[in-house]
Amino acid sequence: MIYLDNAATMPVYKEAVEAINQVLTADFYNPSSTYPGGIRAKKLISEARTTLASMLECRPEELYFTSCATESNNWAVNCGFRNKKGNIVVGGGEHSSVYECAKELKNKGFDVRFAKIDSSGLVNADSLLSVTDRNTCFVSVMHVSNETGAINDIAALTKAVKAKNPKIIFHADGVQAFLKTDCSVKRSGVDLYSISGHKTGAPKGIGALFVSSKMSFRPFIFGGGQENGMRSGTENVSGIVAFAAAAKKYRELFDAGRIKELNSVLLCELKKIERMTVIAETAPRTGMITSFSAAGTKSEIIQSMCADEGVIIGRGSACSSRHGGNRVLSEAGFDARTIDGALRLSLSPETQKEEIIKAVAVIAANIEKLRGNRIG
Ligand code: PLP
């Protein structure tokens, strides 16, 4: 099998599985317990927090574990807009876990403004700044688009919105950026940053939120006061240690230069297909995600034809596929025909050149079959 849907989720690294086994069999204790087993479990969490914090260049006490990035994003939007006074600004290309939260606040009558995106899925800085004003208290713009792989310059955007009002809380969804591009929160200056374990080789169901110690922030989930009173619920110790173990492995394997080379191969192969549009081709991208569309085809059919041949590819966000259509590509200005044919290839640090060449050959053959209506 050739698996090129790593932006949806990644296979779990052996190192993460070993860490999980160790916790589930030997260190299964409740980290709030005060006997040695509990203390050991608590220490494991603390070590994992330190590892992940060093990757984000923040202090360990600024990083809180959550059940997933969807929770991190819900927490950020709902509690970042704490006083519910003033307005909030959200990028038009955000993942549904930010977008739907913002829409919910809007439905409740709050002043929520959406900034336009350009054809690469990047937030349009002029639009963002035109809807941001002195009464804006919260802004959320994703770091890397899960649809197109394009990288928003969150450092510049943070600076620009804070120039309008220094009290603005800036949140970035860093799920597709973490370990794939510069994700230092120190350098970007964001106040809140969401990450998810399963995009870098940990299991699903573990995420984290960076909360700058410079801001005051409230919990979203109340209860027993775990995570320093900020996120209650018995900690997912195995998920947390697996998150750190996987992140270490991912970072060890990730080679930006190699990914760049793989991307040139990918683009070169894709361009051999007639009437092919590569989305965000010239935008700054991580190279881990490439979206494209072959006019006159249906992505779900191509995806399933490829899967029958052992080539697993994505078609936009796995979450948005449930709702049909593609909100982000439509916001980005693409017509229905392009959106209907939109596919997404996403790499892992271990993806091989031969896999890309083979996968694109299978995609190309299936596109040709479908265009010629010669299926079966
Ligand atoms: N944000 C982005 C950009 C994503 O790509 C995803 C998952 O696809 C999420 C948030 C949600 O992450 P999780 O699956 O951990 O809830």
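Residues numbered from 1 in each chain as written. Predicted model: local features only at pLDDT ≥ 70, side-chain atom pairs only at ≥ 80, totals over all residues. Heavy atoms only, no water.

## Some words on the environment of Glu-227
With respect to the helices and strands, Glu-227 occurs in the loop between β8 (207-211) and α8 (237-253). C-alpha of Glu-227 to C-alpha of Ala-244: the two residues are 17 residues apart in sequence and 17 Å apart in space. Not counting the four nearest positions on each side in its chain, Glu-227 is found in contact with Ile-45, Arg-49, Leu-63, Tyr-64, Phe-65 and Glu-235. (Helix = DSSP H or I, 4+ residues; strand = E, 2+ residues; numbered from the N terminus. Contact = heavy atoms within 4.5 Å.)

## Regarding the site of the ligand
Near the ligand, the surroundings consist of 14 residues, among which Thr-70, Asp-173, Gln-176, Ser-196 and Lys-199 are the closest. Note that an oxygen atom of the ligand is positioned 2.8 Å from one of the side-chain N or O atoms of His-198. At a separation of 2.6 Å, an oxygen atom of the ligand approaches a polar side-chain atom of Lys-199. Burial of the ligand by the surrounding chains reaches 91%, relative to a free accessible area of 390 Å². Looking at which element gives the most residues to the shell around the ligand, the answer is helix α3 (residues 69-80), with three residues. (Near = heavy atom within 4 Å. Polar contact = N/O pair within 3.5 Å; in protein donor to acceptor, adjacent residues only side chain to side chain. Areas by Shrake-Rupley, 256 points an atom, 1.4 Å probe, with all protein chains shown as cover.)

## Regarding the domain arrangement of the protein chain
According to the domain assignment, the protein chain contains domain 1 (2-9 + 255-372) and domain 2 (14-251). The gap between the C-alpha centroids of domain 1 and domain 2 is 27 Å. On the side of domain 2, 26 residues touch domain 1, which itself brings 25 residues to the contact. Scanning the region where domain 1 abuts domain 2 turns up zero salt bridges. At the level of elements, β10 (289-294) and α11 (327-331) are the ones that each hand at least two residues to the side of domain 1 that touches domain 2. In terms of residue count, α11 provides more of the side of domain 1 that touches domain 2 than any other element does, four residues in total. (Domains from an automatic or database assignment. Salt bridge = Lys/Arg side-chain N within 4 Å of Asp/Glu carboxyl O.)

## Focus: the side chain of Thr-9
Turning to its location among the elements, Thr-9 is positioned in the loop between β1 (2-4) and α1 (14-25). At 3.0 Å, the side chain of Thr-9 and the side chain of Lys-204 are in polar contact.

## Some remarks on the packing of aromatic side chains
Taken as a whole, this structure holds eight aromatic pairs when the rule is applied. Ring centres 4.2 Å apart and planes at 25° place the aromatic pair Phe-28 and Tyr-29 in the stacked group. Aromatic rings pair up to connect Phe-28, Tyr-29 and Tyr-35 into one cluster. Above the ring of Tyr-99, the side-chain terminus of Arg-327 is found at 3.7 Å from the ring centroid. (Phe/Tyr/Trp six-rings, centres within 6.5 Å; stacked < 30°, edge-to-face > 60°. Lys NZ or Arg CZ within 6 Å of the ring centre and 35° of its normal.)

## Observations concerning the pairing of strand β3 (residues 87-91)
With five of five residues buried, β3 lies mostly within the body of the structure. Summarising the sheet, β3 and strand β4 (residues 111-115) pair through five bridges and their orientation is parallel. By the bridge assignment for β4, Asn-87 is matched with Asp-111. Taken together, β3, helix α4 (residues 96-107) and β4 constitute a β-α-β crossover, and its handedness is right-handed. Pairing analysis gives four bridges linking β3 to strand β5 (residues 136-140), with the strands arranged parallel. Across the sheet, residue Ile-88 finds its bridge partner in β5, namely Phe-138. (Buried < 20%, exposed > 50% of the residue type's maximum accessible area, 1.4 Å probe, protein only. Pairing = 2+ DSSP bridges. Right-handed = clockwise from strand over helix to strand, strands pointing away.)

## Brief notes about the pattern of salt bridges
Side chains that differ in charge, positive against negative, can pair when their charged atoms come close. This structure, assessed with the given rule, holds 18 salt bridges. Notably, a salt bridge pairs Glu-252 with Lys-249, separated by 3.6 Å at the nearest N-O pair. You can see Glu-252 and its partner Lys-249 sitting in helix α8, three residues apart, about one turn around the helix. Under the relative-accessibility criterion, Glu-252 is labelled exposed at 61%. On the basis of relative accessible area, Lys-249 is assigned to the buried category, the value being 17%. Glu-281 is paired through a salt bridge with Lys-271; the nearest N and O atoms lie 2.4 Å apart. Here Lys-271 lies in the loop between α9 (256-270) and β9 (276-279) and Glu-281 lies in the loop between β9 and β10, a separation of ten residues in the sequence.

## Details of the sheet that holds β10
Strand order in the open sheet formed by three strands is β9-β10-β12, with antiparallel pairing between adjacent strands. Two strands close off the open sheet at either side, each with one partner strand: β9 and β12 (342-346). On average, each strand axis in the sheet is inclined to that of its neighbour by 25°, with strand direction left out of account. Both β9 and β10 contribute to a ladder of four bridges, which runs antiparallel. Residue pairing in the sheet places Ile-279 in a bridge with Ser-291 of β10. Contacting β9, β10 and β12, α9 crosses the sheet at an angle of about 0° to β10. (Axes fitted to C-alpha atoms, helices over the stretch in contact; angles between N-to-C directions.)

## Quick look at the sheet that holds β5
Strand order across the open sheet formed by seven strands is β2-β8-β7-β6-β5-β3-β4, with mixed pairing between neighbours. Strands with a single pairing partner mark the edges of an open sheet, and in this sheet they are β2 (63-66) and β4. Neighbouring strand axes in the sheet, compared pairwise and without regard to direction, differ in orientation by 20° on average. Across five bridges, strand β7 (residues 192-196) lies against β8 in antiparallel orientation. Across the sheet, residue Ser-196 finds its bridge partner in β8, namely Gly-207. In the packing of α4 onto the sheet, the strands contacted are β3, β4, β5 and β6 (169-173), and the crossing angle to β4 comes to about 145°.

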